[in-house]
Amino acid sequence: MLNIDDVTSIRLLRSNYNHELYKDLLRKCYDRILWYARMGHKIAYFYIRPLQFDCPLINTKNAYNYIKDKLEKGGFNVDAITDSSTYLLIISWHINRDTLLRQWLGHRVTQE
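Residues numbered from 1 in each chain as written. Predicted model: local features only at pLDDT ≥ 70, side-chain atom pairs only at ≥ 80, totals over all residues. Heavy atoms only, no water.

Asks: Which parts of the structure should I look at to understand the overall build of the chain?
Replies: Of regular secondary structure, the chain possesses three helices and three strands. Taken as a whole, the chain presents about 8,700 Å² of accessible surface, with 56% of it coming from carbon and sulfur. (Helix = DSSP H or I, 4+ residues; strand = E, 2+ residues; numbered from the N terminus. Areas by Shrake-Rupley, 256 points an atom, 1.4 Å probe, with all protein chains shown as cover.)

Asks: So what exactly am I meant to see when it comes to the sheet that holds strand β3 (residues 86-92) here?
Replies: The strands that make up a sheet are held in pairs by hydrogen bonds between backbone atoms, and each pair lies either parallel or antiparallel. Ordered by their spatial adjacency, three strands build an open sheet running β1-β3-β2, and the pairing between neighbours is antiparallel. Edge positions in the open sheet fall to β1 (43-48) and β2 (77-83), since each of these has one partner strand only. Sheet twist, expressed as the average angle between the axes of neighbouring strands with direction ignored, equals 20°. Here six bridges tie β1 to β3, and the two strands are oriented antiparallel to one another. Along β3, the bridge assignment pairs Tyr-47 with Leu-88. Sitting on the sheet, helix α2 (residues 60-73) is in contact with β1, β2 and β3, with an inclination near 5° to β3. (Pairing = 2+ DSSP bridges. Axes fitted to C-alpha atoms, helices over the stretch in contact; angles between N-to-C directions. Contact = heavy atoms within 4.5 Å.)

Asks: I tried to follow the pairing of β2 on my own but got confused; where do I start?
Replies: On a regular strand, one side chain projects to one face of the sheet and the next to the other, so that they alternate. With seven bridges connecting them, β2 and β3 associate as antiparallel partners. Paired with Thr-82 across the bridge in β3 is Tyr-87.

Asks: Looking at this structure, I do not really get the packing of aromatic side chains. What am I missing?
Replies: We describe a pair of aromatic rings using the distance from one ring centre to the other and the angle between the two ring planes. Per the stated rule, a full pass over the model turns up five aromatic pairs. An aromatic cluster of at least three residues, connected via ring pairs, comprises Trp-35, Tyr-36 and Tyr-45. (Phe/Tyr/Trp six-rings, centres within 6.5 Å; stacked < 30°, edge-to-face > 60°.)

Asks: What exactly am I supposed to notice about the nonpolar core here?
Replies: A general trend in soluble globular proteins is that nonpolar side chains are found buried together. Within the largest apolar cluster, 20 residues are counted, with the highest numbers of intra-cluster contacts made by Phe-46, Ile-48, Ile-67, Leu-71, Leu-89 and Ile-91. Residue assignment for this core shows that the elements contributing at least two residues are α1 (4-38), β1, α2 and β3. Looking at this core, the element that brings in the most residues is α1, giving seven residues. What Phe-46 contacts, discounting residues up to four positions off in sequence, is Leu-25, Lys-28, Cys-29, Arg-32, Ile-67, Tyr-87, Leu-88, Leu-89 and Ile-91. (Core = buried A, V, L, I, M, F, W, Y, C linked by side-chain atoms within 4.5 Å. Buried < 20%, exposed > 50% of the residue type's maximum accessible area, 1.4 Å probe, protein only.)

Asks: Can you walk me through the environment of Ala-63 in this structure?
Replies: Among the secondary structure elements, Ala-63 is positioned in helix α2. Taking the relative accessible area as the measure of exposure, Ala-63 reaches 0% and is therefore buried. Separated by 45 residues in the primary sequence, Ala-63 and Asn-18 have C-alpha atoms spaced 8.8 Å apart. If we skip the residues at most four places from it in the chain, Ala-63 touches Tyr-22, Leu-25, Ile-48 and Ile-58.

Asks: What am I meant to see in α2 here?
Replies: Side chains that are three or four residues apart share a direction in an α-helix, a result of its 3.6 residues per turn. Under the 1.5 Å per step criterion, the end-to-end length of α2 is 20 Å for 14 residues, consistent within 8% with the ideal 20 Å. When we look at burial in α2, the residues that qualify are Thr-60, Ala-63, Tyr-64, Tyr-66, Ile-67 and Leu-71. Along the axis of α2, the buried residues cluster in a sector spanning 165°; they form a single face. Away from its buried face by more than 90 degrees, α2 exposes Lys-61 and Lys-73. A distance of 3.1 Å separates the backbone nitrogen of Lys-61 from a side-chain oxygen at the start of α2, and that oxygen is part of Asn-59. At the C-terminal side of α2, Gly-75 shows a positive phi close to 95°. (Expected span 1.5 Å × (residues − 1). Arc of directions from axis to C-beta. Polar contact = N/O pair within 3.5 Å; in protein donor to acceptor, adjacent residues only side chain to side chain.)

Structure below.
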């Protein structure tokens, strides 16, 4: 007999599976950022497409929101260009003068 717990568990498994896909995309994005950084760049590009080579069809909007949130929490600047369901992330890590000044002033305040 089918009950509500069976249906809920299926939805929960699907949600966990999608979350793992987004985490895998984030790891690939980190690898891409490191590759660009090793080349001396301060901007990286990363595509989020609905169909990736090694994973099933994904919801690109949810993947974009997840990756953008994680990168911004890590201090990166993230912009995106979208064309229907494909996102091109433009990720930068250039620290401007104002940010350096705020960090320096914050460091000075905590030392006193």
